[in-house]
Every structure is written in structure tokens, then in C-alpha cells.
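# A structural walkthrough
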Amino acid sequence: MAEIYYDDDADLSIIQGKKVAIIGYGSQGHAHALNLRDSGVDVVVGLREGSSSAEKAAEQGLAVKSIAQAVSEADVVMILTPDQVQRTVYAEEIAPNLKDEAALFFAHGFNIRFGYIEPTDSHDICMVAPKGPGHTVRRQYEEGRGVPAIVAVENDASGQAWDLALSYAKAMGATRAGVVKTTFTEETETDLFGEQTVLCGGVSQLIQYGFETLIEAGYQPEIAYFEVCHELKLIVDLINEGGLTKQRWSCSDTAEYGDYVSGPRVITPEVKENMKAVLADIQDGSFAKRFIDDQEAGAPEFLKLRKQGESHPIEKTGHELRKSFGWTDRDSDYTDGSAAR
């Protein structure tokens, strides 16, 4: 069984006695900074000169400094910039200014696992990774709840790294829900695998193929969109609440029977073999190298694939339907041109 920690297992005063620098103020950065601040932690946000996020952080009453200055003053540095830029930010602005015994925190193990960042042994290397988007992490905290997180320690230089990581998690509100002990390797490899084979890559491809199959058979695009895309949220919510069993219990007998007899016809054993190949590429670093090499070349493959995905017919159909029905959510519809990436 996994080790799970809750509020009573963590001492909030540990992180309250530290000065924490949050590097980056995006989806996760704003949630970390604000939740820590509201938990009584001394927080500073470190941003590059000219960052568009500086004004947003300042409006929330947060201290904003250059990355170098924020790091030089901090006892704990949480790096929340995108994976592909972390090693450059670390080499140029964090490492030269880092206190000898300052702790380095991450919310994803990518750069540590694949060796793109290699801190000296004098630093605690910890991970606190909330299992939810930043706006949800913040909203749940404000409502007195918390989003579960996973915690890991790669290097325990101080002998107290685990206590520090749990204290940070408590300040985030994560121990209200529960935090699971893991390792940098396990988090990184399973996170990439889940994204690529199921949550993002797998689901996206399944939706597109389903849409194409119905359109090619002569069905209306709008009906196809409802059946293979829009209703997916209803199913995922049920799975989230009670697993596959609740999802199957909640749908019709017809749907449940179709699940059993047709699911294995679509997702065949060959799919599992393909998943194993994807996992192998993650484990041996092939995927990480392909991603970083492409990013350093200006992301030609990434941008080409993004453009292909955005041009799929289901995207136009979905955009028009969402607009027609006036669906609203807490987040902007990034396909309507009103919100930047």
C-alpha cells in the first residue's frame, strides 16, 4: 500500500520558518504562491525582467523580484517554469545565486530524472506535485479543502527533507486531502506515460477516430461531437467519483453491455503492446531527448503537430456548438480567440 500523509502528519511551522521563492507565476505558480502566503509563509515570486506575470502577482500583494534576487534570499526555491526552459533558468539564474544549503523543490521530476538539472549534494531535492490544475488547487484551498498531491525526496542533505516537503504540502492545502509518497523516477515516468497513452494522447486520438468514423458513415458532425466528445466529461466525472464500477452502474444496461463486448474490440491487446513501447521510450530517455531537442531547435515538430491537431474537423464543429449553446465554464474557451495561449 502507498504511504499517505494528512494534516496531522505535517508540521506547518517548518515551512513558516523559511523564506520561499516561487520561480514562475503561471497556472501552478500562482496557486503555490498564494496558498503558501495565506498559510503564513514568507513568499517571494521570482520572474524574468519584463515578465507579463509580474503585474498579476503584484496585484495579489505578492513581493516580486528578479529570479536571481529571489533565489539569493530564499531558503526554499520552488521551480515552476515549463520543463523545457527549467535547465536554462537553473544554470543561468538559479545555480549561481542559490544558498549552499537551500532546498530545491519541483512539481514534476522531468529535469531531475533525465539529468538536465544536476544540483550539488548540499541541497535537499524535493517534490510536491498537486494532482490538479493550478486554478483548482487555489479554489479548493480557498474553500477550505485541498487537492491531493504526491511528494518525493531525491536528496536528503539536511536529514529533514521529508519533514520540509510535508510542511510545504500542508501549506498548499494538499494534506487536507492526502499526499502520497513516491519517487522522482516513479512520478516522472508514470506522469509522462499517463499523459501520452491515456489522458492526452490516447483520449485525443480515440475522440478523433470516433468522430471520423461517424462522419465517414454519413452522420451529422454535431451529433458525432455530442456522442464522442461532449459526453465524455459525464463519464469521466463518474469514474472520478467511484471508479469504472460506478460509471458502469450509472449508465444504461445497453451501454454497460456494449462496454464489455465492444471495448476490447477497439482497444485490442496490440494497444497494450504499443503502450509498453511508449513506456520504454520514456524510461530510456528517448522521449525526453526528442522533446528537448525539438524545443531547442525552435519546436518545429511540436508546432507542426499542434497545427495539425487544431485543424481537425472536430475542432471547428466543437467551437460552433459551444458558441451556439452558450455553454460557459470557469475557464475561457481558448478556441474563440479571446484568450492567448
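Refer to the structure printed above.
Presented here is a report on the structure given in the accompanying data block. For clarity, every value in this text was computed on a predicted model and none was experimentally measured.

What counts, and at which threshold
- Residues numbered from 1 in each chain as written.
- Predicted model: local features only at pLDDT ≥ 70, side-chain atom pairs only at ≥ 80, totals over all residues.
- Heavy atoms only, no water.
- Helix = DSSP H or I, 4+ residues; strand = E, 2+ residues; numbered from the N terminus.
- Expected span 1.5 Å × (residues − 1).
- Buried < 20%, exposed > 50% of the residue type's maximum accessible area, 1.4 Å probe, protein only.
- Contact = heavy atoms within 4.5 Å.
- Bend = angle between axes of the 7 residues up to and from the residue.
- Pairing = 2+ DSSP bridges.
- Core = buried A, V, L, I, M, F, W, Y, C linked by side-chain atoms within 4.5 Å.
- Axes fitted to C-alpha atoms, helices over the stretch in contact; angles between N-to-C directions.
- Parallel < 35°, antiparallel > 145°, perpendicular 65-115°, else oblique.
- Nonpolar A, V, L, I, M, F, W, Y, C, P; charged D, E, K, R; others polar.
- Right-handed = clockwise from strand over helix to strand, strands pointing away.
- Polar contact = N/O pair within 3.5 Å; in protein donor to acceptor, adjacent residues only side chain to side chain.
- Disulfide = S-S within 2.5 Å.
- Phe/Tyr/Trp six-rings, centres within 6.5 Å; stacked < 30°, edge-to-face > 60°.
- Left-handed = near helix turned anticlockwise from the far one by under 90°.

Another point: helix H2 (residues 27-38). Spanning 12 residues, H2 covers 17 Å between terminal C-alpha atoms, matching the ideal 16 Å at 1.5 Å per step. All buried positions along H2 are accounted for by Gln28, Gly29, Ala31, His32, Ala33, Leu34, Asn35 and Leu36. Those residues of H2 hidden inside the fold are in contact with strand E2 (19-23), strand E3 (42-47), strand E5 (76-79), strand E7 (125-130), helix H7 (134-142) and helix H8 (161-172). Once H2 finishes, Gly40 follows within two positions and takes phi at roughly 85°, a positive value.

Before going further, it helps to examine helix H13 (residues 232-250). Along its 19 residues, H13 runs just 14 Å from first to last C-alpha, ending more than 12% under the 27 Å computed at 1.5 Å per residue. Along H13, the sharpest change in direction is near 125° and occurs at Gly242.

With that settled, consider the sheet that holds strand E8 (residues 149-155). Adjacent strands of a sheet pair through backbone hydrogen bonds, lying either parallel or antiparallel. Read across the open sheet, the 9 strands follow the order E1-E9-E8-E7-E6-E5-E2-E3-E4; overall the sheet is mixed. Only two strands of the sheet have a single neighbouring strand rather than two, namely strand E1 (4-5) and strand E4 (63-66). By the bridge criterion, 3 bridges tie E8 to strand E9 (residues 179-181) in an arrangement that is parallel. The residue of E9 that forms the bridge with Ala149 is Val179.

Further remarks concern the nonpolar core. By size, the foremost hydrophobic cluster in this structure holds 39 residues, and its most contacted members are Ile22, Leu36, Phe105 and Tyr168. Mapped by element, the contributors of at least two residues to this core are E2, H2, E3, E5, strand E6 (103-106), E7, E8 and H8. Considering every element that reaches this core, the biggest residue donor is H8, with 8 residues. Once you skip the residues sitting within four places of it in the chain, Phe105 turns out to touch Val76, Val77, Met78, Ile79, Cys126, Val128, Leu164, Ala165 and Tyr168. Judged by nonpolar contacts, the second largest core, of 24 residues, contains Val77, Ile94, Phe106 and Ile150.

Turning our attention to the packing of helix H16 (residues 286-296) against helix H17 (residues 300-310). Relative to each other, H16 and H17 sit at 95°, their axes nearing to 7 Å. In terms of orientation, H16 and H17 fall into the roughly perpendicular class. Between H16, through Arg290, Asp294 and Gln295, and H17, the contact on the second element is made entirely by Pro300, Glu301 and Phe302. Across the contact of H16 with H17, the residue classes break down as 2 nonpolar, 1 polar and 3 charged.

In this structure, Ala299 is a non-glycine residue whose phi angle is positive, near 60°. One can find Ala299 in the loop between H16 and H17. Here Ala299 falls in the buried class, since its relative accessible area comes to 7%.

Now for the pairing of E6. Judged by which residues are buried, E6 turns out to be covered on both faces: Ala103 and Phe105 on one side and Leu104 and Phe106 on the other are all buried. When E5 meets E6, the two strands line up parallel, connected through 4 bridges. When the bridges of E6 are listed, Ile79 appears paired with Phe106. With helix H5 (residues 83-94) bridging E5 and its parallel neighbour E6, the resulting β-α-β unit is right-handed. Across 3 bridges, the pairing between E6 and E7 is parallel. By the bridge assignment, Phe106 is partnered in E7 with Met127.

This brings us to the side chain of Lys19. One can find Lys19 in strand E2. Only 3.4 Å separates the side chain of Lys19 from the side chain of Asp42, close enough to count as a polar contact. Here Lys19 is in contact with Asp42, Val44, Glu73, Ala74, Asp75 and Val76, once residues within four sequence places are set aside.

Moving on, we come to the state of the cysteines. Inspection of every chain in the model, using the stated rule, returns 0 disulfides. Its sulfur unpaired, Cys251 is 19 Å from the next cysteine sulfur, which belongs to Cys229.

Before going further, it helps to spend a moment on the packing of aromatic side chains. The tally for this structure, following the rule as stated, stands at 7 aromatic pairs. Both rings, one in Phe105 and one in Tyr168, keep their centres 5.0 Å apart while their planes meet at 35°; by these two values the pair is tilted. Of this pair, Phe105 sits in strand E6 while Tyr168 sits in helix H8, and the two are 63 residues apart along the sequence. When the ring of Phe110 is compared with that of Phe114, the centres are 5.2 Å apart and the planes differ by 65°; the resulting orientation is edge-to-face. With respect to burial, Phe110 and Phe114 carry one shared label: buried.

A few words on the environment of Ile94. Among the structural elements, Ile94 can be located in helix H5. Separated by 225 residues in sequence, Ile94 and His319 have C-alpha atoms that sit 42 Å apart. Beyond its immediate chain neighbours, meaning those up to four positions away, Ile94 contacts Ile23, Ile67, Val71, Ile79, Val89 and Leu104.

Here the focus is the packing of helix H10 (residues 184-199) against helix H15 (residues 269-283). Packed helices, taken two at a time, are described by their axes: the angle between them and the distance between them. Relative to each other, H10 and H15 sit at 140°, their axes nearing to 10 Å. Overall, the two elements H10 and H15 adopt an arrangement that is oblique. Here H10 runs over H15; the crossing is right-handed. Counting all contacts with H10, which are made through Glu189, Leu192, Phe193, Gln196, Thr197 and Val198, the residues of H15 involved are Met275, Val278, Leu279, Ile282 and Gln283. Taken together, the residues that form the contact of H10 with H15 break down as 7 nonpolar, 3 polar and 1 charged.

Purely geometric numbers; function is a separate question.
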